[in-house]
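Spelled out from the first residue to the last, the chains are:
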Amino acid sequence: MVRSLPQGFKKVGGQRQPFAQWFFPLHATVETEEDESPEAAVEKLAGLEFYKHVHTEDGEMGEFFTRLDNLFALWKRGGFWDYAHPWMECVLPWQTTSMYISQVLANLPPQALVGGHILLWPARARRHAPRSLCAPRVNF
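None of these values were measured; they are calculated from a predicted model. (Residues numbered from 1 in each chain as written. Predicted model: local features only at pLDDT ≥ 70, side-chain atom pairs only at ≥ 80, totals over all residues. Heavy atoms only, no water.)

**Q** Break down the overall build of the protein for me, with residues and values.
**A** If you tally the helices and strands in the protein, you get four helices and four strands. Sequence-ordered secondary structure for the protein, helices as α and strands as β, is β-β-α-α-α-β-α-β. Relative to its full complement of 140 residues, the protein shows a buried share of 15%. By sequence separation, contacts in the protein at least 24 residues apart represent 57% of the contacts at least 6 residues apart. Summed over its atoms, the accessible surface of the protein is roughly 12100 Å², and 54% of this surface lies on carbon and sulfur atoms. (Helix = DSSP H or I, 4+ residues; strand = E, 2+ residues; numbered from the N terminus. Buried < 20%, exposed > 50% of the residue type's maximum accessible area, 1.4 Å probe, protein only. Contact = heavy atoms within 4.5 Å. Areas by Shrake-Rupley, 256 points an atom, 1.4 Å probe, with all protein chains shown as cover.)

See below:
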């Protein structure tokens, strides 16, 4: 996930303009079996190095699919829903992920987003993708 976080105002050509910076929070999910303890899921994430751990919770699969409903309600109440709120989710080939993200973010200033959601899923697998998953051909 990529988040645009406002940092304040800076002078550009003698005028104060808003500026922001990209941040990359990691929202990781671990699917577990019904009889598996939550501690087992935490063990699977051992070794991750992060700047700051903010939150961990257990939930049902259905809750995952509605996790952003409250955000949409806030956007609508605050009037942001009526502004452009680009939404992008894609699965990226592991070997091109870094280059792709760098190019997109270099051409999309963080202060351009009033609302929006950018979710990038780098995928590295040893098996072929299932037939139901369509992967775009990417030529850079």
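**Q** If you had to explain a nonpolar patch on the surface to someone new, which residues and values would you point to?
**A** A cluster of nonpolar side chains, contributed by Leu-26, Leu-45, Leu-48 and Phe-50, occupies part of the molecular surface with about 410 Å² of accessible area. Residue placement: Leu-48 occurs in the loop between helix H1 (38-44) and helix H2 (61-65). Judged by relative accessible area, which is 42%, Leu-48 ranks as partly exposed. (Patch = residues over 30% accessible without salt bridge, like charges linked within 9 Å, V, L, I, M, F, W, Y side chains within 5 Å. Salt bridge = Lys/Arg side-chain N within 4 Å of Asp/Glu carboxyl O.)

**Q** Describe the pairing of strand S2 (residues 15-23), listing the residues and the values that go with them.
**A** Two strands pair when backbone bridges link them, and strand S1 (residues 3-12) and S2 are joined in this way by nine bridges, in the antiparallel orientation. Paired with Lys-10 across the two strands is Gln-17, which belongs to S2. Counted between consecutive antiparallel strands, the loop separating S1 from S2 contains two residues, among which Gly-13 sits at a positive phi close to 60°. (Pairing = 2+ DSSP bridges.)

**Q** Residue-level account of helix H4 (residues 94-106), with values.
**A** Under the 1.5 Å per step criterion, the end-to-end length of H4 is 19 Å for 13 residues, consistent within 8% with the ideal 18 Å. Thr-96, Thr-97, Ile-101 and Leu-105 are the residues of H4 that are buried. (Expected span 1.5 Å × (residues − 1).)

**Q** Explain the packing of aromatic side chains to me, using residue names and the numbers behind them.
**A** Applying the stated criterion across every chain yields a total of four aromatic pairs. Plain terms: the ring middles of Phe-64 and Phe-65 are 5.8 Å apart, the flat faces sit at 75° to each other, and that makes the pair edge-to-face. In this structure Phe-65 comes out as exposed when scored by relative accessible area, which is 60%. For the pair Trp-75 and Trp-81, a centre-to-centre distance of 6.0 Å together with 40° between the ring planes defines the contact as tilted. Ring-pair connections join several aromatic residues into one group, and the members of that group are Phe-72, Trp-75 and Trp-81. (Phe/Tyr/Trp six-rings, centres within 6.5 Å; stacked < 30°, edge-to-face > 60°.)

**Q** An account of the environment of Arg-3 is requested, with residue identities and associated values reported.
**A** Checked against the element boundaries, Arg-3 lands in strand S1. Its relative accessible area of 25% is what places Arg-3 among the partly exposed residues. In sequence terms Arg-3 and Gln-21 are 18 residues apart; their C-alpha atoms lie 8.2 Å from each other.

**Q** How would you sum up the confidence of the model for the protein? Please name residues and give values.
**A** Averaged over all residues, the pLDDT of the protein equals 75, while 79% of them reach at least 70. Of all secondary-structure elements in the protein, the lowest mean pLDDT belongs to strand S4 (residues 117-123), at 66, while helix H3 (residues 69-78) reaches the highest, 89. The model gives residues 135-140 a pLDDT under 50, and that stretch makes four contacts with residues more than four places away or in other chains. (pLDDT = per-residue confidence, 0-100.)

**Q** Talk me through the environment of Leu-26; I want residue IDs and the actual numbers.
**A** Counting through the fold element by element, Leu-26 comes out in the loop between S2 and H1. The exposure class assigned to Leu-26 is exposed, which follows from its relative accessible area of 64%. Linking Leu-26 and Phe-50, residues 24 residues apart in sequence, is a C-alpha distance of 8.6 Å.

**Q** Lay out a negative patch on the surface in plain terms, naming residues and giving numbers.
**A** Residues Glu-33, Glu-34, Asp-35, Glu-39, Glu-43, Glu-57, Asp-58, Glu-60 and Glu-63 make up a contiguous surface patch of negative charge. Following the sequence through the fold, Glu-33 ends up in the loop between S2 and H1. (Lys, Arg positive; Asp, Glu negative; His and termini not counted. Charge placed at Lys NZ, Arg CZ, Asp CG, Glu CD.)

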